[in-house]
Amino acid sequence: MNTIEVHDLVKAYKLYEKPADRIKEAFLKNRCYHKDFMAVDGITFCVEKGETVGIIGSNGAGKSTLLKMITGVLLPTAGRISLSGNVSALLELGAGFDAERNGIDNIYLNGRIQGLSKKEIDASVPQILEFADIGNFIYQPIKTYSSGMLVRLAFSVAVNIMPEILIVDEALSVGDVRFQQKCYRKIREFTKNGTVLFVSHDTGAISSFCDRVIWMDKGKIYKEGKPGEMIEEYLSYMRYDVTDMEKKKCSAEDIQVQETADNTCRLSFGNQAASFLKITLTDEKGKLLAQAKPGQKIRIAMEIAAKRDVEFPILGFNIKDILGNELVVTNTVFEKVKLQPLKAGEVSFFQWQFTFPDLHSGDYPVDLALAEGTYANHEQIHFVSDALVIQCVDDCLYPEGRGRLVPRDIKLLAGQRQAKEVAG
């Protein structure tokens with residue numbers, strides 16, 4: 001049995017170049033002064049009772065617009081939405097709250113909007129207050145709340161008024177870490193009997209909670225499938241070898257065939273006597289990766305094009321946390337690897353292979369560097385900041401040695417030089 005059915009859903013916005021064009025169009029019925037922007041363009045899908053579906057996609061893909069239409073906040077331009085069961089939604093922070101009223105009043109206001117009787121709301125209030133845990137602020141006007149307090153109350157109301165369908169749109173990113181964990185436990189408990197539609201950029205949460213993932217791109221459904229497969233492909237699309245300009249020009253389908261195209265990085269410097277052409281993350285068999293697990297053998301593969309001879313090359317990399325703190329730093333000098341000179345006009349292929357260190361779940365940017373000379377006296381040829389981002393998935397399968405940051409069994413695989421012409 002389907003609790004959510006969406007058929008050929010469309011949301012179009014009229015875009016005008018000048019404010020006066022809106023007035024002209026209102027009076028001149030036979031003239032068109034606008035262009036249609038399709039925020040949601042012909043989407044069809046169903047969600048079964050008890051199913052948890054995650055929706056992923058880049059900013060502007062139409063995810064929030066879709067949820068607002070499902071919850072009735074926005075009216076669709078065309079299409080049909082069918083819901084079986086009462087819906088509770090956590091969309092924009094504070095949506096549906098009256099800023100002048102206190103927390104208690106807003107609990108009753110939201111309950112009545114959901115169609116609950118006063119008796120039913122009375123029964124839910126103790127649970128709501130206990131979960132929100134904002135103390136005496138519950139008797140103060142909503143406008144005095146911090147963003148964290150507001151999301152605590154909003155989420156508590158959303159999950160404790162006995163909904164059959166819960167819709168969450170990235171709202172939990174505002175709360176502190178402890179409250180986020182508390183919310184995720186509540187969602188996990190809710191998924192046992194209820195239906196959840198979940199939008200988040202937290203791919204770890206999507207993977208943990210969802211039975212199915214829908215990937216949206218440019219207002220359409222690009223793909224849908226199992227969480228592991230969808231997230232792996234989505235992260236590859238988002239992180240590998242595509243500049244912002246290319247993303248604006250191409251759809252997700254176009255990007256997919258360009259996954260191994262030349263990497264273009266914004267933050268780089270050096271004399272450019274040689275440069276990184278392509279940078280990819282793979283497993284030890286050469287398969288492209290977007291995620292890595294502690295204890296997994298991975299490779300950072302590079303192609304380097306030399307414009308002139310580089311007699312004494314030094315190749316290195318570092319792994320950082322999201323704040324930029326260096327966790328792992330190494331190079332060919334530290335590893336006692338002597339590289340052969342890079343020849344002008346040739347492309348050289350190298351791979352750093354190592355066991356991924358024991359890090360907690362999260363994103364870890366990687367810097368790559370090519371220098372010339374000695375460790376004490378060298379010149380930077382090409383340094384690429386945030387050349388790629390490794391998402392660590394800590395599933396506790398590798399508890400031994402937890403806390404070690406040194407990548408084990410590290411070595412440089414080199415020497416597959418190809419005679420290719422390099423533009424001067």
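Residues numbered from 1 in each chain as written. Predicted model: local features only at pLDDT ≥ 70, side-chain atom pairs only at ≥ 80, totals over all residues. Heavy atoms only, no water.

*Asks:* Would you explain the overall build of the chain in this entry?
*Replies:* Helix and strand counts for the chain stand at ten helices and 19 strands. Sequence separation of 24 or more characterises 72% of the internal contacts of the chain that already satisfy a separation of 6 or more. Carbon and sulfur atoms provide 51% of the accessible area of the chain, an area that totals close to 21,400 Å². (Helix = DSSP H or I, 4+ residues; strand = E, 2+ residues; numbered from the N terminus. Contact = heavy atoms within 4.5 Å. Areas by Shrake-Rupley, 256 points an atom, 1.4 Å probe, with all protein chains shown as cover.)

*Asks:* Looking at this model, I keep getting lost on the packing of aromatic side chains. Mind explaining?
*Replies:* The way to describe two aromatic rings as a pair is by their centre distance and the angle between their planes. In the structure shown here, the tally under the stated rule is eight aromatic pairs. Residues Trp 215 and Tyr 222 carry aromatic rings whose centres are separated by 4.6 Å and whose planes lie at 85° to one another, so their mutual orientation is edge-to-face. A residue is classified by how much of its surface remains accessible, and Trp 215, at 0% relative accessible area, is buried. Ring centres 5.1 Å apart and planes at 15° place the aromatic pair Phe 269 and Phe 383 in the stacked group. Within this pair, whereas Phe 269 is found in strand β10 (residues 268-269), its partner Phe 383 is found in strand β18 (residues 378-392), the two being separated by 114 residues in sequence. A relative accessible area of 47% places Phe 269 in the partly exposed class. Judged by relative accessible area, which is 18%, Phe 383 ranks as buried. Pairwise contacts between aromatic rings join Trp 215, Tyr 222 and Tyr 234 into one cluster. One cation-aromatic arrangement involves Lys 11 over Tyr 13; the distance from NZ or CZ to the ring centre is 5.3 Å. (Phe/Tyr/Trp six-rings, centres within 6.5 Å; stacked < 30°, edge-to-face > 60°. Buried < 20%, exposed > 50% of the residue type's maximum accessible area, 1.4 Å probe, protein only. Lys NZ or Arg CZ within 6 Å of the ring centre and 35° of its normal.)

*Asks:* Is there a simple way to think about the sheet that holds strand β1 (residues 2-16) in this case?
*Replies:* What links the strands of a sheet is backbone hydrogen bonding, and the strands pair in either a parallel or an antiparallel sense. Spatial strand order, β2-β1-β4: three strands in an open sheet with antiparallel pairing. The strands lining the two open edges of the sheet, one partner per strand, are β2 (34-48) and β4 (78-83). Strand-to-strand twist of the sheet, defined as the mean angle between neighbouring strand axes without regard to direction, takes the value 20°. Across twelve bridges, the pairing between β1 and β2 is antiparallel. What sits directly across from Leu 9, in β2, is Ile 43. Packed on one face of the sheet, helix α2 (residues 63-71) meets β1, β2 and β4 and runs near 120° to β1. (Pairing = 2+ DSSP bridges. Axes fitted to C-alpha atoms, helices over the stretch in contact; angles between N-to-C directions.)

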